[in-house]
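Listed below are the residues making up each chain.
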Amino acid sequence: MIRYTEKIRERARELLGQGKVDVFIGYKKGTVPLMNQPVMIKRAEDVDQLLWDSNCCLNLANYLTKRTEKIGIVANGCNSRNIVIHILENQIKRDQLYILGIPCEGTIDHRAVLRAADNQELLGYSEDGKEFTIRGAGFEKTLKKEEFLRTNCKTCQHRNPVIYDELLGDPVPENTEVDPFSDVKGLETQPPEKKWSFFQNLISKCIRCYACRNACPLCYCPTCFVDESKPQWVGKSIDPIDTMTFHILRAYHCAGRCTDCGACERVCPVAIPMRQFTKKLNKDAKELFDWEAGLTLETRPLFDFYKTSDYNEFIY
Amino acid sequence: MGTSKVLKKDEWLKVIEDLRKGYKVFVPTKEGDFHFFREYKDGIRPDLNFSNTRLSPKGLIYPQSERMFECPLSKDQEGAFILKESPKDFGPQLVVGIRPCDAYGFLIVKRNFDNPQYRDPWWVRRYESTTFVGLGCNEPCPTCFCNAAAGGPFGEEGLDLLMWDLGDEYLIKPITEKGSNLLAKVEGKEAQDGEIKEAESLKKESQKKMDFSFDITPLKNKAQLELFNEPYWEDVAFSCINCGTCTYLCPTCWCFDIQDEVYKNHCDRIRNWDSCMFPLFTLHGSGHNPREKKFQRVRQRFMHKLKYYVDKYGNGIQCSGCGRCVRYCPVNIDIRNVIGLMCG
Amino acid sequence: MNEWSPKITAFLCNWCTYGAADLAGVSRLQYPPNFRVIRVPCSGRVSPKFILAAFRQGADGVWVSGCHPGDCHYLEGNFYARRKFALLKGLLEHIGIEPGRLHFSWISSAEATKFVEVATKVANAVGALGPAKYLIKQRAEVA
């Protein structure tokens, strides 16, 4: 994937130089291994900061909300789907964007990589094709990327961007063989008390920092429900029921909109796999409404239209 | 302060276990991939083979959510509508394995919670009833900069005892009278010159591994408004998602919010950590928000830590160099780079 | 003396089910007394937050009822509601709220007998599950 870096820089330089865009949003190398930072480039001479590798895990659509400039942006499959949602939800206009599409081969799970290094400190990271190398004090390991993909990348069905102005490489084959919802299905067969304790346990470490909410491009409400006070839907302390309420409502706000980009899980400081909430919604949306979010600009979002023949079996 | 002692690792852990009789003991323990400080109860396995805990131990003195006052709300109950202090446990606590940066962090927070103008009763009582047994860092993390921000990987400030990991043994050095009294009761051989030298060299080796440094003079000398109006804040803030990770993980962030919660006929006044990253933090009743924009909030965090605190207390920066915010910031905003910008 | 009987929050559309309840009353039809009715202008007005708030405050069950598809006073509110509730029900049951606590129905203002039937069904279903166990907000569990 590193091969995209040069192309991104070249195209960003031209786009900025020719004045086709005012700013360019991409990733730059972070100060910590396995960590890249979203960056906004304003001048053609700064484009060499830009980079694409297997650690580009945050969703850049998050940085488009209500911007007014002409923006160049890189987008892989999930990012492009979130851009579609942003356009549909009037958070940005299509003609403001120049999208460099990236057929994506998946990003890596930094926690799994650290585990493979026995949680030793990493000092360096580099990648080459299907392998990447991590270095620390007195050790070096080369690992296979496919074994360290993030769980959402492993089951991703839309690796190629769905919307772009130019594609920076040949489309990659889509991975249609895997079942993205096998874990959800497993839990569905459990009795309620098992499900409840599973989710209670899942969020038990939550510190209510709202990183999951804020990393999500879907969460742009001017006032979040957690901050509403008349009425107050959810308490502010770390009471387990309040924390659970927060997670349920946060997930539900993503119903029919979530692209399973995994930014929420990636940013969590205590590694809560909160995609377990949104995946259930994605599964039901797919099964009940044949819906996957952000695939096209042609249809309205799931909750913004209806069919008279919609699923009705749960209603007396 | 008395002499240092050397104990085999398992002997020392046994001592800690026995201390549970007199103290509520907190130890680092591994849960999933990371370490947390937890009360040492049966079933908890202390693990001192760690770099640092994911969350700072500030919550042991200053819980994330803490009931302050309460009162009944029906007229027929005694004391209705009159807030009374909630019962709290201020029994002796022992924190074992706290890193020097985090112990130093408490001294920073102390300037806010325990000063001539204001004394936070709960923070002070909990802090005073706690004994801190530190563990020096033989291997500082690449994100650590305690050498520049605080007392370094074997810094003693804020600790009562400091442990050196000598391989099979711990050298335990008393630092305060509290620590000295505790150590005096522990059976163990006195540290010999060789061991003390080994400890000294571990400290030097460790310090050598830390490469970040800065000079605080520009932070002191530049005018607040000059720093406030610098053009770089928008760029620093661009990637910020305004979550509370940096502030909640930080050992030195002390801001809180107070909420009243009603359950049936009972009212609780609860204090929760708050974060300057959240828009609600500064939202006025009128609807006006003086820090409405993201970059203003990011600027506030850094200006507070690196300028306002410096000016107000004259005691360094409000940061102990633990590196948590550097490492766990979801978007890699690195305070070391910001220090560089502000000093530049 | 305190034999438990379920408390069920019922969000009833003003234009249909609420009228059906009225009609059931004036027709002297009997139905279980377990409901705390909240009159709403449309089933589409019922936010998932309301349902969560009811459970948080100790409701043993929640029942939302609106107009038959095609009969919405606001033309299409119930169609939107149906989509929302389909996913909400799935999510809540996935996290451990027992199936049988959350109910939806379409009842026109003329259908007093259907109202009685559904009310009985809902009350029995919730009653069979016993008191609510999950997602009940109590005094904050804090330090």
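Residues numbered from 1 in each chain as written. Chains lettered and ligands numbered in written order. Predicted model: local features only at pLDDT ≥ 70, side-chain atom pairs only at ≥ 80, totals over all residues. Heavy atoms only, no water.

Colleague: Hey, could you run me through the overall build of chain A in this one?
Modeller: When you go through chain A residue by residue, the secondary structure sums to 10 helices and nine strands. Compactness check: chain A gives a C-alpha radius of gyration of 20 Å against a globular reference of 20 Å for 316 residues, within 12% of the reference. Once the C-alpha set of chain A is aligned to its principal axes, its extents read approximately 60 × 50 × 40 Å. Across the 316 residues in chain A, those meeting the buried criterion constitute 61%. Within chain A, contacts between residues at least 6 apart in sequence are counted, and of these 67% link residues at least 24 apart. If you sum the accessible surface of chain A, you get close to 12700 Å²; carbon and sulfur atoms cover 49% of it. (Helix = DSSP H or I, 4+ residues; strand = E, 2+ residues; numbered from the N terminus. Rg over C-alpha atoms; globule rule 2.2 N^0.38 Å. Buried < 20%, exposed > 50% of the residue type's maximum accessible area, 1.4 Å probe, protein only. Contact = heavy atoms within 4.5 Å. Areas by Shrake-Rupley, 256 points an atom, 1.4 Å probe, with all protein chains shown as cover.)

Colleague: So what exactly am I meant to see when it comes to the domain arrangement of chain A here?
Modeller: Interfaces are often sized by the amount of accessible area the parts lose when they come together. All names here are of chain A. Along its sequence, chain A is organised into domain 1 (1-178) and domain 2 (180-316). Each side of the interface is counted separately: domain 1 has 31 residues, and domain 2 has 29 residues. Interface area, domain 1 with domain 2, both sides summed: about 2600 Å², of which 53% is carbon and sulfur. For the domain 1 face of the interface with domain 2, the top three residues by lost area are Arg81, Leu88 and Arg111, together amounting to 23%. (Domains from an automatic or database assignment. Buried area = accessible area lost by both parts, 1.4 Å probe.)

Colleague: Help me understand the packing of helix α2 (residues 100-113) of chain B against helix α3 (residues 121-128) of chain B in this model?
Modeller: Packed helices, taken two at a time, are described by their axes: the angle between them and the distance between them. All names here are of chain B. Packing of α2 against α3 brings their axes to within 10 Å, and their N-to-C directions diverge by 145 degrees. Along this stretch, α2 crosses α3, giving a crossing that reads as left-handed. On α3, the residues that touch Phe106, Leu107, Val109, Lys110 and Phe113 of α2 are Trp123, Val124 and Tyr127. (Axes fitted to C-alpha atoms, helices over the stretch in contact; angles between N-to-C directions. Left-handed = near helix turned anticlockwise from the far one by under 90°.)

Colleague: Which parts of the structure should I look at to understand the sheet that holds strand β7 (residues 131-136) of chain A?
Modeller: In a beta sheet, neighbouring strands are held together by backbone hydrogen bonds and run either parallel or antiparallel to one another. Residue and element names in this part refer to chain A. The strand order across the open sheet formed by three strands is β6-β7-β8, and the pairing between neighbours is antiparallel. Strands at the two margins of the open sheet, each flanked by one partner only, are β6 (124-128) and β8 (139-144). Direction aside, neighbouring strands of the sheet carry axes that sit 20 degrees apart on average. (Pairing = 2+ DSSP bridges.)

Colleague: How should the packing of aromatic side chains be read in this particular structure?
Modeller: Any aromatic ring pair is given by two values, namely how distant the centres are and how the planes are angled relative to each other. The full count for this structure, using the stated rule, is 42 aromatic pairs over all chains. On the basis of an interplanar angle of 0 degrees and a centroid distance of 4.5 Å, the ring pair of Tyr306 of chain A and Phe79 of chain C is categorised as stacked. With Tyr306 of chain A in the segment after α10 (275-289) and Phe79 of chain C in helix α3 (residues 77-95), the pair connects residues from two separate chains. For Phe79 of chain C, a relative accessible area of 5% puts it in the buried group. One Lys or Arg, Lys88 of chain B, reaches over the ring of Trp122 of chain B and ends 5.0 Å from the middle of that ring. (Phe/Tyr/Trp six-rings, centres within 6.5 Å; stacked < 30°, edge-to-face > 60°. Lys NZ or Arg CZ within 6 Å of the ring centre and 35° of its normal.)

Colleague: Before we go on, may I ask you to explain unusual backbone geometry in this structure?
Modeller: Glycine aside, residues mostly have negative phi, and peptide bonds are mostly found in the trans state. Here the amide bond leading from Lys230 of chain A into Pro231 of chain A is cis, since omega sits at 0 degrees, within 30 degrees of zero. With respect to the helices and strands, Pro231 of chain A occurs in the loop between α7 (211-215) and α8 (240-252). Here Tyr210 of chain A, not a glycine, exhibits a phi torsion of approximately 65 degrees, which is positive. Here Tyr210 of chain A lies in the loop between α6 (192-202) and α7. In this model, Leu135 of chain C sits at a positive phi of 65 degrees, which is unusual for a non-glycine residue. Inspection of the secondary structure assignment puts Leu135 of chain C in the segment after α4 (112-129). Judged by relative accessible area, Leu135 of chain C falls into the buried class, the value being 1%.

Colleague: So what exactly am I meant to see when it comes to the side chain of Glu98 of chain C here?
Modeller: Mapped onto the elements of the fold, Glu98 of chain C is located in the loop between α3 and β4 (102-106). Within the structure, the side chain of Glu98 of chain C is placed 2.9 Å from the side chain of Arg101 of chain C, a separation counted as a polar contact. There is a polar contact of 3.4 Å between the side chain of Glu98 of chain C and the side chain of Lys133 of chain C. Other than its neighbours up to four places away in sequence, Glu98 of chain C contacts Pro192 of chain A together with Glu93, Leu129, Lys133 and Tyr134 of chain C. (Polar contact = N/O pair within 3.5 Å; in protein donor to acceptor, adjacent residues only side chain to side chain.)

Colleague: In this structure, what is going on with the interface of chain A and chain C? I would like to understand it.
Modeller: Listed per partner, the contact involves 48 residues of chain A and 42 residues of chain C. With both chains or domains summed, chain A and chain C bury close to 4100 Å², and 69% of this area falls on carbon and sulfur atoms. The interface formed by chain A and chain C holds five salt bridges in total. Two residues, Asp310 of chain A and Arg83 of chain C, come together in a salt bridge whose shortest N-O distance is 2.8 Å. If you look at where chain A meets chain C, you find 21 residue pairs in polar contact (both at pLDDT 80 or more). Counting only elements with at least two residues in the side of chain A that touches chain C, the list comes to α5 (182-188), α6, α8 and α10 of chain A. Class assignment of the residues belonging to the side of chain A that touches chain C gives a composition of 28 nonpolar, nine polar and 11 charged. (Salt bridge = Lys/Arg side-chain N within 4 Å of Asp/Glu carboxyl O. Nonpolar A, V, L, I, M, F, W, Y, C, P; charged D, E, K, R; others polar.)

Colleague: What am I meant to see in the interface of chain C and chain B here?
Modeller: Facing six residues of chain C, the contacting portion of chain B comprises 10 residues. Summed over both partners, the interface of chain C with chain B comes to about 760 Å²; 50% of that surface belongs to carbon and sulfur atoms. Note that Lys137 of chain C and Glu261 of chain B form a salt bridge whose closest N and O atoms lie 3.1 Å from each other. Where chain C touches chain B, the interface holds seven residue pairs in polar contact (both at pLDDT 80 or more).

Colleague: Looking at this structure, I do not really get the pairing of strand β12 (residues 266-273) of chain B. What am I missing?
Modeller: Within a regular strand, side chains alternate between the sheet's two faces. All names here are of chain B. The buried count for β12 comes to seven of eight residues, which makes it a mostly enclosed element. Two elements, strand β11 (residues 256-263) and β12, share eight bridges in a ladder whose sense is antiparallel. Looking at β12, one finds that Gln259 is bridged to Ile270. Hairpin connection of β11 to β12: two residues between the antiparallel strands, including Lys264 at a positive phi of 50 degrees.

Colleague: Got a minute to help me understand the pattern of salt bridges in this structure?
Modeller: If charged atoms from side chains of opposite charge come close, those side chains can pair. All names here are of chain B. Considering all chains together, one arrives at 62 salt bridges over all chains under this definition. Glu31 is the partner of Arg38 in a salt bridge, and the nearest nitrogen-oxygen pair spans 2.6 Å. Lys173 is paired through a salt bridge with Glu156; the nearest N and O atoms lie 2.7 Å apart. Of this pair, Lys173 sits in strand β9 (residues 169-174) while Glu156 sits in the loop between α4 (146-149) and β8 (161-165), and the two are 17 residues apart along the sequence.

Colleague: Sorry if this is basic, but what is going on with the nonpolar core here?
Modeller: The nonpolar side chains of soluble globular proteins are, as a tendency, buried together. Core analysis: the largest hydrophobic core is formed by 187 residues, its most contacted members being Phe24 and Phe277 of chain A, Phe302 and Met342 of chain B together with Ile51 of chain C. The greatest single-element share of this core, amounting to eight residues, is contributed by α3 of chain C. Setting aside its immediate chain neighbours within four residues, Met342 of chain B contacts Leu219, Lys222, Leu227, Tyr232, Trp233, Phe302, Met303, Leu306 and Lys307 of chain B. Membership of the second largest hydrophobic core comes to 21 residues, among which are Leu7, Trp12, Leu135 and Val186 of chain B. (Core = buried A, V, L, I, M, F, W, Y, C linked by side-chain atoms within 4.5 Å.)

Colleague: Explanation requested: the sheet that holds strand β10 (residues 189-190) of chain B in the structure shown.
Modeller: Residue and element names in this part refer to chain B. In space, the eight strands of this open sheet follow the order β3-β2-β6-β7-β8-β9-β1-β10, with mixed pairing throughout. Either end of the sheet is taken by a strand with one partner, and the two such strands are β3 (34-39) and β10. Examined bridge by bridge, strand β1 (residues 5-8) and β10 share two bridges and lie antiparallel to one another. Paired with Lys5 across the two strands is Glu190, which belongs to β10. Set on the sheet, helix α1 (residues 9-19) makes contact with β1, β2 (24-31), β6 (93-98), β7 (130-135), β8 and β9; between it and β1 the angle comes to about 95 degrees.

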